[in-house]
Amino acid sequence: MQKAKPIELELAVVNGIELPGHWNRMFEPRVISEYDLSVLDQVTSIEGAESLGYCYQCGKCTAVCPVDTVGDYSPRKVFRRTQLGASLVDSPDLWLCTTCRNCLRVCPKEVNMIEIMPAVREQAVLEGKAPEELLTAFENTARYGNPLGEPPRKRADWVKSAEVPVPVMSQHKAPVDVLWFVECYPSYHPRGKDASVALARLFNALGVEFGILGTEEKCSGDSQRMAGEKGLFEMLAEHNVKMLSKYQFNQIVVTDPHAFNAFLHEYPKYGGQWPVQHYTQFLAPLIDQINLTRPISKKVTFHDPCYLGRHNGEYEAPRNLLKAIPGLDLVEMGHCRETAYCCGGGGGGMWLDSFVRDYTSQRLSEKRVREAVEYGADILAVTCPYEVSRFEDAVKSTGNTGKLEVRDIAELLAYSAELI
Amino acid sequence: MRILVLSKSVPDLVEELALDEDSGELLHDDMTYVPSEWDDHALEEALLLKDEVGAEVTVLAVDTGDVDNMLFTALAKGADHAVKLTGDFDLATSNRKRAQAIANYLRDNPFDLVLSGVQAIDDIDGQIPAMVAGLLEWPHASVVTEVSIQGDQIHFRQEYGGGLQAELAAQTPLVLGIQAARKPPRYASVAKVRQMMKSSTVDEVDASADAVPELEIRRFFKPVAAGHAEMIEGEPDEVADRIITILKERKLVRG
């Protein structure tokens, strides 16, 4: 006799704990749940979106989903609406997930929105159903190698304001220890460039032998992948791997946790296998060698980037750097580390501001800024290039100008080391 | 209904124009080129007609170098065929010569409707559609929106000065310069474009044209600034006060 196939995951692993479901295994929809499942089946037949069908509606995700606190979205609701026959490809739900990974952390059935969202979004992009502003970011990335639509030839122009040597590999013509993958916002955004200048000066002060790709670098593409443009991601990955392969270096250091995620998990699939560290991980063991002379006597709280923390498990390095700054009083917000709130920029959210506004009561960045203010912080420390601009805007839009400053950890270190 | 869409790549103004000030020549090889925005609208309008009445859409580019990506993108968006006119062309080829090559192609390959962007940033007087129609002695209209196929006629709107619009009708064959499509140009995913590059082909058609009467460009140069704007520095309140003072001095506000 053929063994009946359960419609749920047989064994889920949550935080390393095995959760076998044999005692409540479901093999077919119960009478009470006898719906026309054809719409759900359409979604779960998409490669990568299978696990949406595992949902048994416990609602643990709803309790931790940042978007649910500002709108009517959570993974459970996505499942339920799809089960009832609402098309996910046509629903705004599809674009509200920021792929922050908090639901997957608690899901007893491993319903994996980190795989479901890009897979179903890819389908929507193919059907021409993606929001216009997201497509503009895709087009800019395809054409210019950055989602901002900035000139590719000016990607390394920020180095002029660093006032310290920032070798570009194509001219450097010598092996380096660290290949610094700068990324788009740190190359072009005015506040992103401030952090890049700070980091360049820290590298110089530490005597790090480093180089950047300059105009040969293109966006790592990880957020475009999560937003449903896998083909674009592949094109960017192939390009970056090809460029990086031309040079000799010991390791890659990235400014952007999204690039960190790409280099750790995706680029190896395209032949790009190098040791990679986020800059906070690179600097943390070297902190004693940085001469932190100028105190920052402020209350500072830290926002864990989703793609450094929950996605890739690094919570300590940024905190160790902050704690080393004299006078700095590190306070934790209620949502921190594994339970950290999301800035709203991940998974394409960076390029969906107008779209998301129609379905949420406030921006996730605004909610986070309010939390930081509530905890009495003077400075919100960040270490993801999306966040400085998102949170600075949120400080203004929530009327907290003058109460809360937003600073990249590199900026705080360089300030304390009297490098900026 | 056979529709031909003319597409052209133009210098990308996101990067600075490369100009040799001494010789007064544009350095075409030092600039990047992108599909002309208006041609994207012409393609979109053609694809909308295809969706509505099942027209066959061919996209055409004069081979001035790197036009393949533009043509494969058009195929990925839904065009049925792509044609590249090869011959003695480069990025500096004049619109007159391009129009001649396109007109020659159209004499040998009949189409009912030719759509082009109304203008391009390197040709802001909308020469190509008008010249193609003129060379073929076909009807032509420019600054056109909302094209529809009504029996054996083409209906469309044309913008006039002062906010006036006209609804016009014409018999095919016809050349239209499209101002804007009814919807924003559709997006072609990178995966689809790459798939097209593997699975479809661009038809290469030899279009060597005889000499045409052309203008000679003596030099390109950047306009000389007559004066400079004054940037007002300072705190927002000071800047606001200064602006008010200036407006009062110039008697632009009362009080």
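Residues numbered from 1 in each chain as written. Chains lettered and ligands numbered in written order. Predicted model: local features only at pLDDT ≥ 70, side-chain atom pairs only at ≥ 80, totals over all residues.

1. What to know about the overall build of chain A
Working step 1: When you go through chain A residue by residue, the secondary structure sums to 19 helices and ten strands.
Working step 2: Its C-alpha radius of gyration of 22 Å places chain A within 12% of the 22 Å reference for a compact globule of 420 residues.
Working step 3: Once the C-alpha set of chain A is aligned to its principal axes, its extents read approximately 70 × 45 × 40 Å.
Working step 4: Here chain A holds 420 residues, and 50% of them are scored as buried. (Helix = DSSP H or I, 4+ residues; strand = E, 2+ residues; numbered from the N terminus. Rg over C-alpha atoms; globule rule 2.2 N^0.38 Å. Buried ≥ 20, exposed ≤ 12 C-beta atoms within 10 Å, placed from the backbone.)

2. What about helix α2 (residues 68-77) of chain B?
Residues and elements named next belong to chain B.
Working step 1: Of all ten residues that make up α2, eight are buried, and the element is covered over most of its length.
Working step 2: Where α2 is concerned, the buried positions are Met 70, Leu 71, Phe 72, Thr 73, Ala 74, Leu 75, Ala 76 and Lys 77.
Working step 3: Immediately downstream of α2, the backbone of Gly 78 shows phi near 135 degrees, a positive value.

3. Side note on the packing of α2 of chain B against helix α5 (residues 190-199) of chain B
All names here are of chain B.
Working step 1: Running from N to C, α2 and α5 point in directions that differ by 110 degrees, and their axes come no closer than 8 Å. Put simply, α2 runs roughly perpendicular to α5. Residues Phe 72, Thr 73, Leu 75 and Ala 76 of α2 lie in contact with α5, whose contacting residues are Lys 192, Val 193, Met 196 and Met 197.
Working step 2: Each residue belonging to the contact of α2 with α5 can be placed in one class, and the counts come to six nonpolar, one polar and one charged. (Axes fitted to C-alpha atoms, helices over the stretch in contact; angles between N-to-C directions. Parallel < 35°, antiparallel > 145°, perpendicular 65-115°, else oblique. Contact = placed C-beta atoms within 7 Å. Nonpolar A, V, L, I, M, F, W, Y, C, P; charged D, E, K, R; others polar.)

4. Describing the confidence of the model for chain B
Working step 1: Residue-level pLDDT values for chain B average 92, and 100% of them are 70 or greater.
Working step 2: Two numbers describe this predicted complex: its pTM, 0.89, and its ipTM, 0.82. (pLDDT = per-residue confidence, 0-100.)

5. Topic: helix α15 (residues 316-323) of chain A
Since one α-helical turn is 3.6 residues long, residues separated by three or four positions face the same way.
Working step 1: Residues of α15 of chain A that are buried: Ala 317, Pro 318, Arg 319, Leu 321 and Leu 322 of chain A.
Working step 2: In the core, the buried residues of α15 of chain A are packed alongside α14 (279-283), β7 (299-302), β8 (329-331), β9 (379-382) and α19 (409-416) of chain A.

6. Overview of the interface of chain B and chain A
Working step 1: Each side of the interface is counted separately: chain B has eleven residues, and chain A has 18 residues.
Working step 2: The greatest single-element share of the side of chain B that touches chain A, amounting to four residues, is contributed by α5 of chain B.
Working step 3: For the side of chain B that touches chain A, the class distribution of residues is six nonpolar, one polar and four charged.

7. Remarks on the pairing of strand β7 (residues 81-86) of chain B
Residue and element names in this part refer to chain B.
Working step 1: Pairing of strand β6 (residues 56-62) with β7 involves five bridges; the strand directions are parallel. Paired with Val 62 across the bridge in β7 is Leu 85.
Working step 2: Traced from β6 through α2 to β7, the parallel crossover comes out right-handed.
Working step 3: Summarising the sheet, β7 and strand β13 (residues 203-206) pair through four bridges and their orientation is parallel. By the bridge assignment for β13, Val 83 is matched with Asp 203. (Pairing = 2+ DSSP bridges. Right-handed = clockwise from strand over helix to strand, strands pointing away.)

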